[in-house]
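Spelled out from the first residue to the last, the chains are:
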Amino acid sequence: MFAELAAIMAPLFIGTAIGYGWVRSGADYPSEFVSRAVMNIATPCLIVSVMARVEVEPSIMGGVALAAAVVILSMGVIGYLLTRWLKLPPVHYIPSLMFPNNGNLGLPLCLFAFGDTGLALALAAFMVMTLSTFTVGIMMVSRAEGLGARLKALARQPVLYAMVLAVALLLTDTTLPLWLANTVDLMGGFAIPLMILTLGVSLARLKLVAWRLSLAFSTLRVLGGLALAYLAARLIGLEGEALGVAVLQGAMPVAIFNYLLALRYDRAPQEVAAMVLMSTLLAFVVLPIVLVFVLPLAGTTLAAP
């Protein structure tokens with residue numbers, strides 16, 4: 001189990017180290033350009049590419065999606081109350097609590113634990129997180145003045161149109177033409193590597209002046225998300241693989257998307273980068289323990305899909 005989890009986590013750590021070393025060597029890295037390319041080109045293509053390849057049962061997918069939405073909303077409320085109590089800028093910390101890494105960590109982990117069914121169900125939480133990040137998340141961190149300006153900013157986000165297309169493909173069971181499938185696969189393929197490299201670049205410039213606070217929020221994200229996800233899944237009535245996937249996705253660390261948004265809108269990107277790294281390290285310790293409990297609940301055995 002530990003060897004397989006290491007295989008999933010290693011690309012994140014190695015890619016981050018490469019980005020870290022790149023900046024430490026004195027080489028230039030255009031973070032602003034890279035973040036825009038990832039958000040406006042690679043991520044929309046990645047969403048369409050993944051959803052076009054996977055079959056999902058709509059009713060069960062809806063239950064997992066609802067559980068993910070409950071966790072996101074609950075973490076937002078907890079984050080707001082906590083930041084107000086600690087007298088911290090809410091917009092710097094709440095998105096990191098709300099939006100977990102349901103994509104590049106959650107999807108492969110659920111595939112490993114529950115096979116193709118797990119991957120299909122994990123996409124429900126991934127879609128909710130992605131849609132929330134690029135709607136509520138952007139509205140939270142954007143410095144645009146007025147609701148109208150913010151709505152216009154949202155309308156310029158290609159990821160929203162990618163989500164609509166992905167849902168249409170799922171509901172109609174439509175297969176993309178080969179030329180289009182190859183294109184979105186290729187363009188979506190550079191999303192995750194550049195996210196990880198950019199994270200390493202930020203860490204190379206990070207001053208760990210608030211590492212204790214970052215660690216506290218990271219712990220809340222992983223353990224708090226785990227508890228909320230289990231409670232929500234039970235209340236909704238999820239069973240089997242759906243229950244296991246909902247719990248695993250709720251326990252994911254801070255998403256790299258949060259760092260990209262913080263970098264783009266200048267919302268304490270260094271502190272967010274620290275939370276991404278610390279929560280990922282914590283998740284690497286916690287997730288094997290979570291698997292021990294969720295796999296028997298799902299009535300499955302740990303085996304490669």
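(A) A look at the overall build of the chain. The helix and strand inventory of the chain stands at 13 helices and zero strands. Counting from the amino terminus, the chain carries its helices and strands in the arrangement α-α-α-α-α-α-α-α-α-α-α-α-α. Considering only intrachain contacts with a sequence separation of at least 6, the fraction spanning at least 24 residues in the chain is 85%. Of the roughly 13500 Å² that the chain leaves accessible, carbon and sulfur atoms contribute 69%.

(B) Molecular detail of the packing of aromatic side chains. Inspection of every chain in the model, using the stated rule, returns one aromatic pair. Both rings, one in Tyr 93 and one in Phe 217, keep their centres 4.8 Å apart while their planes meet at 25°; by these two values the pair is stacked. In this pair, Tyr 93 is assigned in helix 4 (residues 90–98) and Phe 217 in helix 10 (residues 211–236), connecting sequence segments 124 residues apart. Exposure class is identical for Tyr 93 and Phe 217. Each is buried.

(C) Quick peek at the side chain of Thr 198. Along the chain, the position of Thr 198 falls in helix 9 (residues 191–204). Residue Thr 198 is classed as buried on the basis of its relative accessible area of 0%. For Thr 198, the side chain forms a polar contact with the side chain of Tyr 29, separated by 2.8 Å. Apart from residues lying up to four places away in sequence, Thr 198 is in contact with Tyr 29, Val 34, Tyr 259, Leu 260 and Leu 263.

(D) Highlighting helix 7 (residues 158–172). For helix 7, with 15 residues, the first-to-last C-alpha span of 21 Å sits near the 21 Å given by 1.5 Å per residue. Restricting attention to buried positions, one finds in helix 7 the residues Val 159, Leu 160, Ala 162, Met 163, Ala 166, Leu 169 and Leu 170. A positive backbone phi angle near 55° is found at Asp 173, which sits one or two residues after helix 7.

(E) Broad picture of the nonpolar core. One finds Val 64, Leu 238, Leu 248 and Leu 287 to be the most contacted residues of the largest nonpolar core, which totals 94 residues. With 20 residues, the single largest contributor to this core is helix 5 (residues 106–141). Counting residues in hydrophobic clusters, the runner-up holds seven residues, among them Cys 45, Ala 162, Leu 169 and Ala 181.

Scoring rules and cut-offs
- Residues numbered from 1 in each chain as written.
- Predicted model: local features only at pLDDT ≥ 70, side-chain atom pairs only at ≥ 80, totals over all residues.
- Heavy atoms only, no water.
- Helix = DSSP H or I, 4+ residues; strand = E, 2+ residues; numbered from the N terminus.
- Contact = heavy atoms within 4.5 Å.
- Areas by Shrake-Rupley, 256 points an atom, 1.4 Å probe, with all protein chains shown as cover.
- Phe/Tyr/Trp six-rings, centres within 6.5 Å; stacked < 30°, edge-to-face > 60°.
- Buried < 20%, exposed > 50% of the residue type's maximum accessible area, 1.4 Å probe, protein only.
- Polar contact = N/O pair within 3.5 Å; in protein donor to acceptor, adjacent residues only side chain to side chain.
- Expected span 1.5 Å × (residues − 1).
- Core = buried A, V, L, I, M, F, W, Y, C linked by side-chain atoms within 4.5 Å.

It is worth stressing that arrangement in space is one thing and function is another; only the former is reported here.
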